[in-house]
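# Summary of structural features
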Amino acid sequence: MTVLIALCVLMAGFATGCWNEKILEKVGIALVTSIDSLPDGRLRFASAAPVIDSDAREKIEFVVTEGHTVRECREALRRKAGKEIVAGKVQSLIFGEATAHQGIGPFMEVLVRDTINPLLAWVTIAEGEGSGLLEKGKAMKEKPPIGIYANDLLERTSQSGETVRTTVYNFQTAFYTPGLDPVTPLMRASETEIVVVGSALFRHDRMSGRIDNKQSMMLNLLMGNRIDGRVTLKLPQSLETPKGFVTFQITQSKRKIRKHLNQGKPAFLIAVELTIDIEGFRIGRLFEPTFLEKMERFLSNSVTSEMQKTIRLIQEAGCDAIGTGVIAKASWYKQWQHWNWEELYPRIELKASAKVNIQNSGGTD
Amino acid sequence: MSNDLDSINSGQLLTFLFATEVGIGILVLPRTLIKEVGTGGWISIILAAFLVGIGVICITLLNRMIGDSGFAALPILLGKPLGWVFSVALMLYLVAISSIVLNLFVEVVRIWFFPAASRLTLMLFLLVPSVYMVSKGLRVVALFDGFIYLIMALLALVPLHGIIDGNILFLRPVLQVTIGKLTSGALKSGVSFLGFELLLFFYPEVLGKKRLFLTGAGSIAMATFFYVGAFIAAIALFGPVQPAHLTYPLLEISRTISLPIVERVDLLFGGLWVTAITTTISGFLIGLVKAVETRFHVRNRISLAVISIVTVIASLITGSFAEAEALADMIGIVGLAVGVVFPAVLLPVAWLRKGAIKKWHQSK
């Protein structure tokens, strides 16, 4: 009896997976996917998967399909691709800029619903068309395969803060949460390389603005994200060096948000304290306390000014990337119910203040 | 099968009740509550725990007053015809809840892991080990249930990740719901605590009867802790709105975890969860076996086989995921009636029928 039961369990256990088997040699593993809306209302869906075959001439299988829905495109993909394309390892979802302006919410919804699609894939916007970026990336013979190349670029630039890390679930959370909007990386492809040029700002699911790499860094700091990027600033005459510029690396950052109601409207002050290492500066002068103080004051003012510029841009774009709306809702719920946050957000008092502490100088004397 | 195989101490009873209570609820509850109550859903969970706690108090007092399980004394308390009607109704309830757990398990596995797998195979996969354990008696079931602590400790890492990685500010403001919504949320949460009502079927088997209430309350407290944790994690990570659109928020949280070796943490989570479900279904099945034994004086392999087949047939009745969830909601309310209202009503009856109970004991 015991043997019989054990056999039953084993059979049930093994048989359960038989209907769902995916043999590696028989499938193509998509690493990057793009979606673009076409002028006639149809979609263009592209996918790039590495070819696991030593005899194959092409190392990447790049398939483009068109259809009315993502599902229809996927079905068309199934009919065209050399192997069944599976999406479980997709690392980046790329949307064309025009598509992003129209709104990517419906596509995201479809992608999230399927449990096979990874929630940790990057959501990225490409200047021009997403499929165009993939096609150019595929043709770059001196670069790694497009999926890996794009993913590595996004990883590195988000770690340094030059763009904002946004995965599928980050995007969906920001999209659904009142008082919070998404920000995604923004990429540009030329014939020879792909560059992360900054971040795309969203209002709900529609792209409403863009910021460059330095502004993305400031936004990361304002959002309280940990970054280790480098910033280069032009020095004033009082701190002049032979080069006239200073580069520093952020090693630590702390963010505090102070809030109050100003004439019934919310006001925020985001105080960021940075610990930095200065690179490429004469070490001797940084040992002078008065000079060090001057330098710290200059850097604090410069970073504050950059942050303020970034705040102006995100407010103009109506993108509440910092989540001030979430704080307002949590703090003043009675008033929140009467506020139209979308209308109010661009006009709220949102200020930044940075305090820079120089920890080390890595420059030569 | 000897009744000695059913005797368990209070520690084992605590494990048994906790393992039976925690199952489907941990996956479904955050979505249900966010839809119903919003961010204050965790208050509903605590309210539900108190409500269920009242049930535990009533059952404990009832069992103590009777000196046997409430179920065993039904014909004495209500008279033979009515006692039998309620006995059969309770047995049908246990069949219904077992089949619903089985059904929801199949739905979770088909939605999440093996979309093409056959329902019957999946049912066998869960039912065969559960029935095998049940055939060995309550003590074996309770001992196997001991795994639940290890499983829950591992599963708890997922909501913990949600809380650490998420934003607790999403939970505020705390009190933005009406008492009505909180109550309706508490009723919907009640289904996640089902399993505590099995105290109605076991009494002579429990060693250390003085601690019956503490063990029942302890199991509820542990389940509450996990449910509140899962709820907070879902909101902290996905915000105050999105979890209402996610089928299984906790599985979704496991999809957001990236580990160096284990790429699909959700599959690992699901694998552990299957064991938690095995303990739930075996809990209800042993309750059913005990009920049949108490009322019909039959407990053998044939009765167990009949019970299993009836459960499988009952679980095949519902065809879709939505139907299974609607039935689960309904059975949740029935379960609360069985575990809270029914013993509360029986308490004064037992007090009035003291004499009959005494005679019944003498005749045994």
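Residues numbered from 1 in each chain as written. Chains lettered and ligands numbered in written order. Predicted model: local features only at pLDDT ≥ 70, side-chain atom pairs only at ≥ 80, totals over all residues. Heavy atoms only, no water.

## Notes on the packing of helix α6 (residues 119-135) of chain B against helix α14 (residues 301-317) of chain B
Residue and element names in this part refer to chain B. Packing of α6 against α14 brings their axes to within 11 Å, and their N-to-C directions diverge by 150 degrees. Classified by the interaxial angle, the pair formed by α6 and α14 is roughly antiparallel. α14 is crossed by α6, and the crossing has right-handed handedness. Where α6 approaches α14, its residues Arg119, Leu120, Met123, Leu127, Val131, Val134 and Ser135 are matched on the opposing element by Leu304, Ser308, Val312, Ser315 and Leu316. Within the contact of α6 with α14, the residues separate by chemical class into eight nonpolar, three polar and one charged. (Axes fitted to C-alpha atoms, helices over the stretch in contact; angles between N-to-C directions. Helix = DSSP H or I, 4+ residues; strand = E, 2+ residues; numbered from the N terminus. Parallel < 35°, antiparallel > 145°, perpendicular 65-115°, else oblique. Left-handed = near helix turned anticlockwise from the far one by under 90°. Contact = heavy atoms within 4.5 Å. Nonpolar A, V, L, I, M, F, W, Y, C, P; charged D, E, K, R; others polar.)

## Some points on the interface of chain B and chain A
With 34 residues of chain B at the contact, the number on the chain A side is 33 residues. Buried area between chain B and chain A, summed over both chains or domains, comes out near 3000 Å², and the portion from carbon and sulfur atoms is 66%. The largest share of the area that chain B buries against chain A comes from B:Tyr132, B:Gln242 and B:Arg255, three residues that together contribute 19% of it. If you look at where chain B meets chain A, you find five residue pairs in polar contact (both at pLDDT 80 or more). Residue classes in the side of chain B that touches chain A are distributed as 20 nonpolar, eight polar and six charged. (Buried area = accessible area lost by both parts, 1.4 Å probe. Polar contact = N/O pair within 3.5 Å; in protein donor to acceptor, adjacent residues only side chain to side chain.)

## Points about the packing of helix α5 (residues 80-112) of chain B against helix α15 (residues 321-352) of chain B
Residues and elements named next belong to chain B. Packing of α5 against α15 leaves a shortest axis separation of 9 Å and a crossing angle of 145 degrees. Between α5 and α15 the crossing geometry is left-handed. Across the interface between the two elements, Phe86, Leu90, Tyr93, Ala96, Ile97, Ile100, Asn103, Leu104, Glu107 and Ile111 of α5 pack against Phe321, Ala324, Glu325, Leu327, Ala328, Ile331, Val334, Gly335, Val338 and Phe342 of α15. Class assignment of the residues belonging to the contact of α5 with α15 gives a composition of 16 nonpolar, two polar and two charged.

## Quick look at the sheet that holds strand β14 (residues 349-361) of chain A
The strands that make up a sheet are held in pairs by hydrogen bonds between backbone atoms, and each pair lies either parallel or antiparallel. Residues and elements named next belong to chain A. Taken together, four strands build an open sheet; the order of strands is β11-β12-β13-β14 and the sheet is mixed. The two strands at the open ends of the sheet, each matched to only one other strand, are β11 (230-234) and β14. Direction aside, the axes of adjacent strands within the sheet are offset by 40 degrees on average. In terms of strand pairing, β11 meets strand β12 (residues 245-262) through five bridges, oriented antiparallel. Across the sheet, Leu233 pairs through a bridge with Val246, a residue of β12. Along the sheet, helix α8 (residues 213-223) contacts β11, β12, β13 (265-279) and β14; its crossing angle with β11, the most-contacted strand, is approximately 120 degrees. (Pairing = 2+ DSSP bridges.)

## Examining the domain arrangement of chain A
Interface size is often expressed as the accessible area that is lost when the parts come together. Residues and elements named next belong to chain A. What the domain assignment lists for chain A is domain 1 (23-211) and domain 2 (223-361). For domain 1 and domain 2, the distance between their C-alpha centres works out to 31 Å. Contacts between domain 1 and domain 2 engage 19 residues on the former and 21 residues on the latter. Where domain 1 touches domain 2, the interface holds zero salt bridges. Linking domain 1 with domain 2 are eight residue pairs in polar contact (both at pLDDT 80 or more), by the criterion used here. Listed by contribution, the elements that provide at least two residues to the side of domain 1 that touches domain 2 are α6 (146-160), β9 (194-203) and β10 (206-211). In terms of residue class, the side of domain 1 that touches domain 2 is built from eight nonpolar, nine polar and two charged. (Domains from an automatic or database assignment. Salt bridge = Lys/Arg side-chain N within 4 Å of Asp/Glu carboxyl O.)

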